[in-house]
Amino acid sequence: MQVNRIPVLSDNYIFLLHDPQQNTAAVVDPALAQPVLERLAELGAQLVAIFNTHHHSDHVGGNRQLMQRFPEICVYGGAEDRGRIPGQQVFLQEGDRIKFAGRVGEVFFVPGHTSGHIAYYFPPTVEGETGELFCGDTLFAGGCGKLFEGSPAQMLDSLSKLRALPDETRIWCAHEYTLKNLQFALSVDAQNQDLQTRYNQVQAARHRGEATVPSQVGIEKLTNPFLRWEHPSLQAAVKAQEPVKTFARLRGMKDQF
Ligand code: ZN
Ligand code: FE
């Protein structure tokens, strides 16, 4: 399974999963249809599935047009998003499994950004393969999604599930927010050497016009403040100790940043 990253709108990424053996493809969160159709044409691949993480228009905006062009495709989304995802046919819950390109994807229910948000995780199947996580707007490189429809406790629980994945897991998040996220991270975790190093790398990459997605679970655990609620330096920065309170204050500070 090859992952193609398609930048669209101001800072969204669409991910096109390609199975070169079958010449099939599946798309994660098609904000728009046209850039997906163009990439499919380049690959000479047939679209068989849409995997949506949540109902926001910058994640489902291309669903209808892709369904018109490929009437056979299957549209997946979270069970709690029933009625909110255009064309949805499959209603997924925590622990459900999906298949693409000989890989089995596991579904995580990760509410917080929205009440029905899910993530798709494809564990490695053979030696040397990496796990692939498609987490929409739940976990970002250096940050996390805003709490539009969920509580800090819910989001903390959701992020705990993603943090528990193997360090090498690649994180395909849906927005290029990394530099801004790390600026905030430095404001609350200034002494973190790994964070300083990462900030410099990301800044250089963005100057060169490069994407910073995918990230990996290991580097997020070292540098993302929204995965580090147990860390004394962060607890001190927000003047709290209890996990939910620490997380809630961090999220509130980021909203004002
Ligand atoms: Zn969203
Ligand atoms: Fe989004």
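Visitor: Teacher, can you tell me more about the coordination of the zinc ion (ligand 1) here?
Guide: The protein atoms that coordinate the zinc ion (ligand 1) are His54 (NE2), His56 (ND1), His113 (NE2) and Asp137 (OD), at distances spanning 2.2 to 2.3 Å. With four donor atoms in place around the zinc ion (ligand 1) and angles of 88 to 171 degrees between them, the coordination shape is irregular. Along the chain, the residues donating to the zinc ion (ligand 1) are arranged with the sequence spacing H-x1-H-x56-H-x23-D. Between the zinc ion (ligand 1) and the iron ion (ligand 2), the interatomic distance is 3.2 Å, and Asp137 donates to each metal, bridging them. Remark: Asp137 occurs in the loop between strand S10 (132-136) and strand S11 (139-140) and His56 occurs in the loop between strand S4 (46-51) and helix H2 (57-60); sequence separation between them is 81 residues. Residue His56 shares its accessibility class with Asp137, and that shared class is buried.

Visitor: Mind showing me how you'd approach the coordination of the iron ion (ligand 2) here?
Guide: Angles at a metal have ideal values that depend on geometry: 109.5 degrees with four tetrahedral donors, 90 or 180 degrees with six octahedral donors. Here the iron ion (ligand 2) is held by Asp58 (OD), His59 (NE2), Asp137 (OD) and His175 (NE2), and the distances to it run 2.1 to 2.4 Å. In this structure, the iron ion (ligand 2) is surrounded by four donor atoms whose angles at the metal cover 85 to 166 degrees, and the resulting shape is irregular. Binding-site remark: the iron ion (ligand 2) is held by donors from one chain whose sequence spacing is D-H-x77-D-x37-H.

Visitor: So what exactly am I meant to see when it comes to the pairing of strand S9 (residues 118-122) here?
Guide: The side chains of a regular strand alternate between the sheet's two faces. By the criterion of burial, S9 is predominantly enclosed, with five of the five residues buried. Burial of S9 is two-sided: the residues Ile118, Tyr120 and Phe122 facing one way and the residues Ala119 and Tyr121 facing the other way are all buried. Two elements, strand S8 (residues 103-109) and S9, share four bridges in a ladder whose sense is antiparallel. Looking at S9, one finds that Phe109 is bridged to Ile118. Bridge count between S9 and S10: three bridges; the pairing is antiparallel. Bridged to Tyr121 within S10 is Leu133.

Thresholds, definitions, all that
- Residues numbered from 1 in each chain as written.
- Chains lettered and ligands numbered in written order.
- Predicted model: local features only at pLDDT ≥ 70, side-chain atom pairs only at ≥ 80, totals over all residues.
- Heavy atoms only, no water.
- Donors = N, O, S within 2.8 Å, 3.2 Å for Na, K, Ca; no water.
- Tetrahedral: all angles 85-135°; square planar, octahedral: opposite > 155°, others 65-115°.
- Helix = DSSP H or I, 4+ residues; strand = E, 2+ residues; numbered from the N terminus.
- Buried < 20%, exposed > 50% of the residue type's maximum accessible area, 1.4 Å probe, protein only.
- Pairing = 2+ DSSP bridges.

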